[in-house]
Amino acid sequence: MKIVVTGAAGFIGSHLCEHLLAGGDHEVIGVDAFVREELQAIGTKNMESFYKHPNFQMITANILNIDWHKIA
Ligand SMILES: NC(=O)c1ccc[n+]([C@@H]2O[C@H](COP(=O)([O-])OP(=O)(O)OC[C@H]3O[C@@H](n4cnc5c(N)ncnc54)[C@H](O)[C@@H]3O)[C@@H](O)[C@H]2O)c1
C-alpha cells in the first residue's frame, strides 16, 4: 500500500514511517515543512534510520499547499 505520512520528520510521524517501512509491505511518502527552523536538525535526525530506504520518498512542503492529485 502507498501511504502518505504528514509530519514525517516529527516525533510521531518519524516513528510511524519507521514502523511502516520495517514491515516491508508499504511505500511511504513523508511530507514535512520543517515549520520551525530548529526542526530541520531534529527532523533530519528523526528520519536518519529510513531516509534512504528505497520505499521512502520525502516531500518537503506545507500540507496546506500540496497538490494531492500529483501524489499518485
Ligand atoms: N522524546 C519524546 O518523548 C518526545 C519528543 C518530541 C515530542 N514528544 C511528544 O510528541 C507529541 C508531538 O509529536 P508530533 O509528532 O505531533 O509533533 P512534532 O512537532 O514532533 O512533529 C510535527 C511535524 O509536523 C510538521 N508540520 C507541522 N505543520 C506542518 C504543515 N502544515 N505541513 C507540513 N508539515 C508540518 C513539523 O515540521 C514537524 O516536523 C507531543 O505530545 C510531545 O510532547 C515526545
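Check the entry above for the structure.
Bear in mind that the values here come from a model prediction, so they are computed numbers and not experimental data.

Novice: Report on the pattern of salt bridges, specifying residues and quantitative values.
Specialist: Under the counting rule described, the total for this entry stands at two salt bridges. Between Lys 2 and Glu 27 there is a salt bridge; the shortest N-O distance is 3.8 Å. Here the residue Lys 2 occupies a position in strand β1 (residues 2-6), and Glu 27 occupies one in strand β2 (residues 27-32), the gap between them amounting to 25 residues. Taking the relative accessible area as the measure of exposure, Lys 2 reaches 39% and is therefore partly exposed. When the shortest N-O distance is used, the salt bridge between Lys 45 and Glu 48 registers 3.4 Å. Residue class for Lys 45 comes out exposed when judged on its relative accessible area of 56%. For Glu 48, a relative accessible area of 56% gives the class exposed.

Novice: Could you give me a rundown of the site of the ligand, with the residues and numbers involved?
Specialist: What surrounds the ligand is a group of 13 residues, the closest being Phe 11, Ile 12, Asp 32, Asn 62 and Ile 63. Between Ile 12 and the ligand, the recorded distance is 2.8 Å, taken from a backbone N or O atom to an oxygen atom. Out of a free accessible area of 860 Å², the ligand has 51% covered by protein chains. Here the residues of the shell around the ligand are counted per class, giving nine nonpolar, three polar and one charged.

What counts and what doesn't
- Residues numbered from 1 in each chain as written.
- Predicted model: local features only at pLDDT ≥ 70, side-chain atom pairs only at ≥ 80, totals over all residues.
- Heavy atoms only, no water.
- Salt bridge = Lys/Arg side-chain N within 4 Å of Asp/Glu carboxyl O.
- Helix = DSSP H or I, 4+ residues; strand = E, 2+ residues; numbered from the N terminus.
- Buried < 20%, exposed > 50% of the residue type's maximum accessible area, 1.4 Å probe, protein only.
- Near = heavy atom within 4 Å.
- Polar contact = N/O pair within 3.5 Å; in protein donor to acceptor, adjacent residues only side chain to side chain.
- Areas by Shrake-Rupley, 256 points an atom, 1.4 Å probe, with all protein chains shown as cover.
- Nonpolar A, V, L, I, M, F, W, Y, C, P; charged D, E, K, R; others polar.

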